[in-house]
Amino acid sequence: MNIATAQARAKSKSKNKIDVPWRPQERQLTFLRACGLSHPFDGGGPKPPVAVFVGYGGAAGGGKTDSLVGVAVIAGLTFPGINIGIFRRTYSQLEGPGGIILRSQELMASWASYNGGMRRWTMPNGSLLQFCHCENENDVYNYQSQQFDILLFDEMTQFSGTQIRYLLSRNRATKNGVIPFAAGATNPGGIGHIFFKEQFVDPGEPEQVHNVEVEPGIFEEHIFIPAKLADNQILERRDPAYRKKLEAQPEDVRRALLYGDFDIFSGQFYPEYKKEIHVVKPFEVPAWWKRVRSLDYGLDMTACIWWAIADNGQCYAYRELHEPNLNLSKAAKKIVEMTPSHEYISYTTASPDLWNRRQETGQSGIEIMGKAGLKGLVRAKHDRIQGWRAMREYLEPYDVLTEDGDLVLDEDGKSRKSARMQIFETLPNFVKYLPMLQRDEHDLEDAADRPHIVTHINESARYFTMSRHPTDSKQEQLLFPKGTSAADAERIRTNMDFAKVYAKMQNQQQIRGGW
Ligand SMILES: Nc1ncnc2c1ncn2[C@@H]1O[C@H](COP(=O)(O)OP(=O)(O)OP(=O)(O)O)[C@@H](O)[C@H]1O
Ligand SMILES: [Mg+2]
């Protein structure tokens, strides 16, 4: 047994010698050092963790799950009476073959006692290691009254950023001497991929501590320890064919699982989305730009986006409504209220099922919404695959050119990119949920409808792009401002520089909105 120092510190109630049949491999030791818990192997005593949140990530089979059990055991034996929580998203992931509970049994059964009902190990010195899960977004509140000195996440990218941040509020010292920290191990991919990448991978050099802004103005020290399959020689020797299996994967999956490359994301539906290309600072939308709304209605969520279409065809999402539990008339009223009277909305493309008659009332959704003041709804085309494809075209980055056709360069000399779809940064839900949309496992051309919260605003955007896409376009049916003469209309139609034409129009003072 090699956890001698830890063992010496444990006030063992057990008569048996504590025997933990585990020794870290080199990279696992790096992870233990980041957690301040390498003393059983490096000598000396425990040290403070180098950061409050340690990310350990990358390749499949890199030895991450084993390291979490290792850290939990060392921490528990080092600091008597502490609480350690290991989280996975679902219960079956904890329990299944190859799961962390089975592994903990191999390493702990001979010296600690397990309570299956509570899924909890009690170590001889009173430290607890508890296995936890939060399948639904709100399951984190089941841990509201608990406190974990050490909080560990396995496959952390399966959790949403909101869940992680909430659980961190449960991370605090219950005993003197222990310095609380959290650590998350994961492969790339999953709903929390971007969160993990932003918090651990993007801030800078791996294996260095970085001060990361986790909320506006709030900084936290993070460190990222990368893991590759080659770091786990025990597995490579035991199963040399495993590497071949990973090598046989498609390029992006291979890069993710073999090398732990976080820059690719096989599950992300729109990898072309980049904040710096698609998200822009808000500006005052010129009055003459055409405005459109897109609406995905459900009682669980009303997701409405207001769009303004620029002279050059770029579409700006400039306002959003993202609110649960609005009935049809409340949703309609809210959308009307949120649209100032000077904004002329050409049409509102909306979920096709609003046209179905409701059994209870005999009325359709659009009738109810119409009575509540929301008019001009157009039934959205519901071809999902075609719609997602159309949206992809709107997200496709292109080089920004000067009037003379030259590339516009950024400060770092790279060509500046833009895309037809642009989002004001003041739309938090659209900005958040667009990159979280996942591929459907069974149909790569379709987006997954889970987690459900992610889908609504994206469906709304899909309805919009379908309403403008060449296959089903409203583009040719420009609505000109009231009182536009035939000559003005013609000039507008043939002259792409709408702003100048508009400025010259005599009747512009009387116009409300655009076309
Ligand atoms: N230090 C170690 N001693 C003994 N076995 C180890 C050690 N590290 C890893 N292993 C074994 O190697 C295999 C893969 O390790 P582990 O499950 O920890 O990898 P992982 O990075 O969590 O993989 P995945 O990405 O698939 O979750 C497991 O069978 C594990 O028990
Ligand atoms: Mg694992």
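Keep in mind the model is a prediction, meaning the values are calculated, not measured.

Within the chain, the secondary structure is distributed over 19 helices and 18 strands. Here the chain, with 515 residues, has 43% of them falling under the buried criterion. Contacts in the chain between residues at least 24 apart in sequence constitute 69% of all its contacts with a sequence separation of at least 6.

Two strands pair when backbone bridges link them, and strand β8 (residues 209-215) and strand β9 (residues 218-227) are joined in this way by six bridges, in the antiparallel orientation. What sits directly across from Glu 215, in β9, is Ile 218. Turn length for the β8-β9 hairpin, with the two strands adjacent in sequence and antiparallel, is two residues, and the turn residue Gly 217 shows positive phi of about 80 degrees.

One open sheet holds the nine strands; their spatial order is β3-β4-β5-β2-β6-β7-β1-β9-β8, and the pairing between them is mixed. At either end of the open sheet lies a strand with only one pairing partner, and these are β3 (113-115) and β8. Direction aside, the axes of adjacent strands within the sheet are offset by 25 degrees on average. Pairing between β3 and strand β4 (residues 120-122): three bridges, direction antiparallel. Paired with Tyr 114 across the bridge in β4 is Trp 121. Sitting on the sheet, helix α4 (residues 64-78) is in contact with β1 (53-58), β2 (83-88), β5 (128-133), β6 (150-154), β7 (181-186) and β9, with an inclination near 165 degrees to β6.

A word on the site of ligand 1. Taken together, 17 residues lie around ligand 1, and Ala 60, Gly 63, Lys 64, Thr 65 and Asp 66 are the ones closest in. When contributions to the shell around ligand 1 are tallied by element, the ones reaching two or more residues are α4 and α9 (233-238). In terms of residue class, the shell around ligand 1 is built from five nonpolar, eight polar and four charged.

Bringing the sheet that holds strand β11 (residues 290-297) into the picture now. Taken together, the seven strands give an open sheet; going across it, the order is β10-β18-β13-β12-β11-β14-β15, and neighbouring strands pair in mixed fashion. Each edge of the open sheet is held by one strand with a lone partner, namely β10 (279-280) and β15 (377-379). Across five bridges, β11 lies against strand β14 (residues 345-350) in parallel orientation. Its bridge partner being in β14, Leu 295 is matched across the sheet by Ala 350. With respect to the sheet, helix α17 (residues 452-468) is in contact with β11, β12 (302-309), β13 (315-323), β14 and β15, its orientation differing from that of β11 by roughly 135 degrees.

Our next topic: the nonpolar core. In this structure, Val 54, Val 71, Ala 72, Ile 84, Ile 86, Leu 152 and Trp 307 are the most contacted members of the largest nonpolar core, which totals 122 residues. Looking at this core, the element that brings in the most residues is α4, giving eight residues. The residue makeup of this core includes at least three contributed by each of domain 1 (4-259) and domain 2 (275-472). Apart from residues no more than four positions distant in its own chain, Val 54 is found in contact with Ala 34, Cys 35, Pro 49, Phe 181, Ala 183, Ile 223 and Ile 225.

Attention now goes to unusual backbone geometry. Residue Glu 155 is not a glycine yet carries a positive backbone phi of 50 degrees. For Glu 155, the position within the fold is in the loop between β6 and α7 (161-168). A count of 22 C-beta atoms within 10 Å places Glu 155 in the buried class. Of note, Glu 207 is a non-glycine position whose phi angle comes to about 65 degrees, a positive value. Mapped onto the fold, Glu 207 is located in the loop between α8 (193-201) and β8. Taking the C-beta count within 10 Å as the criterion, Glu 207 has 14 such neighbours and is therefore assigned partly exposed.

Moving on, we get to helix α11 (residues 251-259). Within the span of α11, buried status applies to Ala 256, Leu 257 and Leu 258. Those residues of α11 hidden inside the fold are in contact with α10 (241-247). Downstream of α11 by a residue or two, Gly 260 has a phi angle that is positive, lying close to 65 degrees.

How each quantity is defined
- Residues numbered from 1 in each chain as written.
- Chains lettered and ligands numbered in written order.
- Predicted model: local features only at pLDDT ≥ 70, side-chain atom pairs only at ≥ 80, totals over all residues.
- Helix = DSSP H or I, 4+ residues; strand = E, 2+ residues; numbered from the N terminus.
- Buried ≥ 20, exposed ≤ 12 C-beta atoms within 10 Å, placed from the backbone.
- Contact = placed C-beta atoms within 7 Å.
- Pairing = 2+ DSSP bridges.
- Axes fitted to C-alpha atoms, helices over the stretch in contact; angles between N-to-C directions.
- Near = placed C-beta within 6 Å.
- Nonpolar A, V, L, I, M, F, W, Y, C, P; charged D, E, K, R; others polar.
- Core = buried A, V, L, I, M, F, W, Y, C linked by C-beta atoms within 7 Å.
- Domains from an automatic or database assignment.

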